[in-house]
Amino acid sequence: MLTWVDLLALFSLALGLALGYRGGLLGAGMGLGVLLYLVLAQLGLKGPWWGLGLGLLLGVLAKSLPLPALSRGLEGLLGALGGLLLGLFLAFSLWTGFPWEVVGGTLRYPSVRLPTPIYEGIGQSPFAREAFRLAWQTPWLRKALALEGENPR
């Protein structure tokens, strides 16, 4: 059964995909911004969020500069791919963004210190624990989603 966390994450995935397809090259710029963010996060730069803004700026420039026109289908495909990247990033951020804790040497997600409705929403989600496990076991994804180091309490 889907919980409120899943509905928010799947809505952000669908919204990113729809906005990307509708925006065309602007959506492709959003996807490029996500890729820039992932690269900058791997390099350990402080505040890699400006990579998202740079990708969006490149998408706006691609729409406003007098470049040769792409076919409607190709522009929609590029935009949909960019929107899909943005939507996946937002969905993973929602599924993995809640506090975790280490108890007795084992990792517990979500933290039991969360309020009951939030804890139950994450605990009963069919996607949240698997997304957290995937993010925790993948070093570049762990770094990009800021799961490294001390867990904020």
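Residues numbered from 1 in each chain as written. Predicted model: local features only at pLDDT ≥ 70, side-chain atom pairs only at ≥ 80, totals over all residues. Heavy atoms only, no water.

**Some remarks on the overall build of the protein chain**
A tally of helices and strands in the protein chain yields 7 helices and 2 strands. Listed by position from the N terminus, the elements making up the protein chain come as α-α-α-α-β-β-α-α-α. Along the longest, intermediate and shortest principal axes, the C-alpha atoms of the protein chain span 60 × 35 × 20 Å. For the protein chain, the proportion of its 153 residues judged to be buried stands at 37%. Counting only contacts in the protein chain whose residues sit at least 6 apart along the sequence, the fraction spanning at least 24 positions is 64%. In the protein chain, 11 positive and 7 negative side-chain charges are present, and the distance between their average locations comes to 5 Å. (Helix = DSSP H or I, 4+ residues; strand = E, 2+ residues; numbered from the N terminus. Buried < 20%, exposed > 50% of the residue type's maximum accessible area, 1.4 Å probe, protein only. Contact = heavy atoms within 4.5 Å. Lys, Arg positive; Asp, Glu negative; His and termini not counted. Charge placed at Lys NZ, Arg CZ, Asp CG, Glu CD.)

**Some points on the pattern of salt bridges**
Any two side chains of opposite charge can pair, so long as their charged atoms come close to each other. According to the stated counting rule, one finds 3 salt bridges in the structure shown. A salt bridge links Arg113 to Glu101; the nearest nitrogen and oxygen atoms lie 3.9 Å apart. Taken as a pair, Arg113 in the loop between β2 (106–108) and α5 (116–123) and Glu101 in strand β1 (residues 101–103) lie far apart in primary sequence, 12 residues in all. Taking the shortest distance from any N to any O, the salt bridge between Glu130 and Arg133 comes out at 2.5 Å. Taken together, the residues span about one helical turn, with Glu130 and Arg133 both in helix α6 (residues 128–137) at a distance of 3 residues. Take Glu130: its relative accessible area is 46%, and that puts it in the partly exposed class. Here the salt bridges share partners, and the residues they tie into one network are Glu101, Arg108 and Arg113. (Salt bridge = Lys/Arg side-chain N within 4 Å of Asp/Glu carboxyl O.)

**Quick look at helix α1 (residues 4–23)**
With 20 residues, α1 should reach 28 Å at 1.5 Å per residue; the first-to-last C-alpha distance of 28 Å fits that figure. Along α1, the residues that are buried comprise Val5, Asp6, Ala9, Ser12, Gly16, Gly20 and Gly23. The arc that holds every buried residue of α1, seen down its axis, measures 155°, which confines them to one face. Exposed and oriented more than 90 degrees from the buried face of α1 are Leu7, Phe11 and Arg22. Next to the buried residues of α1 lie α2 (25–42), α3 (50–64), α4 (72–96), α5 and α6. Directly beyond the C-terminal end of α1, a positive phi value near 70° is found at Gly24. (Expected span 1.5 Å × (residues − 1). Arc of directions from axis to C-beta.)

**Description of unusual backbone geometry**
Here the bond from Tyr109 into Pro110 is cis, since omega is 0°, no more than 30 degrees from zero. Along the polypeptide, Pro110 turns up in the loop between β2 and α5.

**Looking at the confidence of the model for the protein chain**
On average, residues of the protein chain carry a pLDDT of 88, and 95% of them reach 70 or more. Looking across the protein chain, the model is least confident in α3, with a mean pLDDT of 81, and most confident in α1, with 94. (pLDDT = per-residue confidence, 0-100.)

**Notes on the packing of aromatic side chains**
Going through the model one piece at a time under the given rule, you end up with 7 aromatic pairs. Seen in terms of ring centroids, Phe92 and Trp95 are 6.4 Å apart; in terms of plane orientation they differ by 85°. Their pairing is edge-to-face. On the criterion of helical spacing, the pair formed by Phe92 and Trp95 is a turn pair, its members being 3 residues apart in helix α4. Considered together, Phe92 and Trp95 belong to a single accessibility category, that of buried residues. Between Trp100 and Trp136 the ring centres are 5.0 Å apart and the planes differ by 65°, which places this aromatic pair in the edge-to-face class. Placement of the pair is Trp100 in the loop between α4 and β1 and Trp136 in helix α6, with a sequence separation of 36 residues. (Phe/Tyr/Trp six-rings, centres within 6.5 Å; stacked < 30°, edge-to-face > 60°.)

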